[in-house]
Amino acid sequence: MLTEQTVERLHHLRLAAMAETYLAQQRDPAAAALSFDERLGMLVDAEQLARENRALRRRLQEAKLKMAHACLEDLEYRGRTLDRALIRQLATCRWVAEHHNVLITGPTGVGKSYLACALGQQACRQHPRVIYRRLPRLFPE
C-alpha cells in the first residue's frame with residue numbers, strides 16, 4: 001500500500017523516471033542489499049538522466065535537422081577531403097558559444113547536409129538552441 005502511494009506522489013510531482021526506478025528497485029531483490037543513500041542516489045540519477053534525455057530530444061526536434069541520425073562519431077573520412085583537426089575543433093562547439101555560424105560548401109553529393117546535421121546534433125548536446133537551415137530557405141528568412 002505504501003509503495004502505491006509513493007509512486008502516485010512521485011507521478012504527481014512529475015518525477016516519472018524516479019517512480020519507475022523505485023518500482024524496479026522494489027522488484028529487484030539485489031536492491032535490498034543497497035544502502036538507503038545508494039538507492040536514493042540511483043533514483044535521483046534516473047530522474048536527472050530522463051530529464052536530460054527529454055531536453056535533448058526536444059532540442060533536436062526544434063533544430064529540425066534533415067538527418068536526425070547524423071552524428072560526428074559516424075563521420076566517414078575515407079574518400080573525402082575533410083580536415084580531421086577542423087572537425088575536432090568544430091565538435092567542441094566553441095563556435096556556437098562565440099555566436100559564429102558554420103557554412104559548408106562543396107559539390108553535390110559530398111555529404112554537406114550530413115556534416116551540417118552532425119554538427120547540429122553535437123551542438124544540441126552542448127547548447128540550448130540550434131537551428132538547421134539550407135541556403136535556399138535561409139535567405140528568405
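K.L.:
Outline the overall build of the chain, listing residues and values.
P.N.:
Secondary structure summary: the chain contains seven helices and zero strands in total. In the chain, the order of α-helices and β-strands from amino to carboxyl end is α-α-α-α-α-α-α. Relative to the globule expectation of 14 Å for 141 residues, the C-alpha radius of gyration of the chain, 21 Å, shows a markedly less compact shape. Taking the principal axes of the C-alpha coordinates as reference, the chain spans close to 65 × 35 × 25 Å. When each of the 141 residues of the chain is scored for burial, the buried share is 29%. When contacts within the chain are restricted to residue pairs at least 6 apart in sequence, long-range pairs at least 24 apart make up 60% of them. A total accessible area of about 10400 Å² is found for the chain, and carbon and sulfur atoms account for 55% of it. Counting 22 positive and 16 negative side-chain charges, the chain places the centres of these two groups 11 Å from one another.

K.L.:
So what's going on with helix α6 (residues 112-126)? Which residues, and what values?
P.N.:
Taking 1.5 Å per residue, 15 residues should reach 21 Å; α6 reaches 21 Å between its end C-alpha atoms and fits that length. In this structure, the buried residues of α6 make contact with α3 (36-63), α4 (84-91) and α5 (94-97).

K.L.:
Just give me the short version of the nonpolar core, but keep the residues and values in it.
P.N.:
Counting residues in each nonpolar core, the largest one holds 21 residues, and the members touching the most others are Ala70, Leu72, Leu75, Ile87, Leu115 and Cys117. Sorting the residues of this core by element identifies α4, α5 and α6 as the ones contributing at least two each. Non-local contacts of Leu115, meaning those with residues more than four positions away in its chain, are made with Leu72, Leu75, Leu82, Ile87 and Ile104.

K.L.:
Describe the packing of aromatic side chains, with residues and values.
P.N.:
All chains considered together, the criterion is met by zero aromatic pairs. Positioned above the aromatic ring of Tyr77, the side-chain terminus of Arg84 is 4.1 Å from the ring centre.

K.L.:
Summarise the layout of surface pockets; cite the residues concerned and give the values.
P.N.:
Its volume calculated, the largest pocket comes out at about 1000 Å³. Lining the largest pocket are 33 residues, and of these Val102, Ala116, Ile131, Tyr132 and Arg133 lie nearest its centre. When contributions to the lining of the largest pocket are tallied by element, the ones reaching two or more residues are α3, α5, α6 and α7 (135-138). Per-element accounting of the lining of the largest pocket gives the leading share, seven residues, to α6. Taken together, 16 residues make up the lining of the second largest pocket; nearest its centre are Thr81, Leu82, Ile104, Thr105 and Leu115. Every element with two or more residues in the lining of the second largest pocket is listed here: α4 and α6. The greatest single-element share of the lining of the second largest pocket, amounting to three residues, is contributed by α4. Grouping the constituent residues of the lining of the second largest pocket by class yields nine nonpolar, four polar and three charged.

Thresholds applied
- Residues numbered from 1 in each chain as written.
- Predicted model: local features only at pLDDT ≥ 70, side-chain atom pairs only at ≥ 80, totals over all residues.
- Heavy atoms only, no water.
- Helix = DSSP H or I, 4+ residues; strand = E, 2+ residues; numbered from the N terminus.
- Rg over C-alpha atoms; globule rule 2.2 N^0.38 Å.
- Buried < 20%, exposed > 50% of the residue type's maximum accessible area, 1.4 Å probe, protein only.
- Contact = heavy atoms within 4.5 Å.
- Areas by Shrake-Rupley, 256 points an atom, 1.4 Å probe, with all protein chains shown as cover.
- Lys, Arg positive; Asp, Glu negative; His and termini not counted.
- Charge placed at Lys NZ, Arg CZ, Asp CG, Glu CD.
- Expected span 1.5 Å × (residues − 1).
- Core = buried A, V, L, I, M, F, W, Y, C linked by side-chain atoms within 4.5 Å.
- Phe/Tyr/Trp six-rings, centres within 6.5 Å; stacked < 30°, edge-to-face > 60°.
- Lys NZ or Arg CZ within 6 Å of the ring centre and 35° of its normal.
- 1 Å grid on protein atoms, 1.4 Å probe; cavity = no way out; pocket = protein on both sides within 12 Å on 5 of 7 lines; lining within 4 Å.
- Points joined across faces, edges and corners; volume = space filled by probe spheres on them.
- Nonpolar A, V, L, I, M, F, W, Y, C, P; charged D, E, K, R; others polar.

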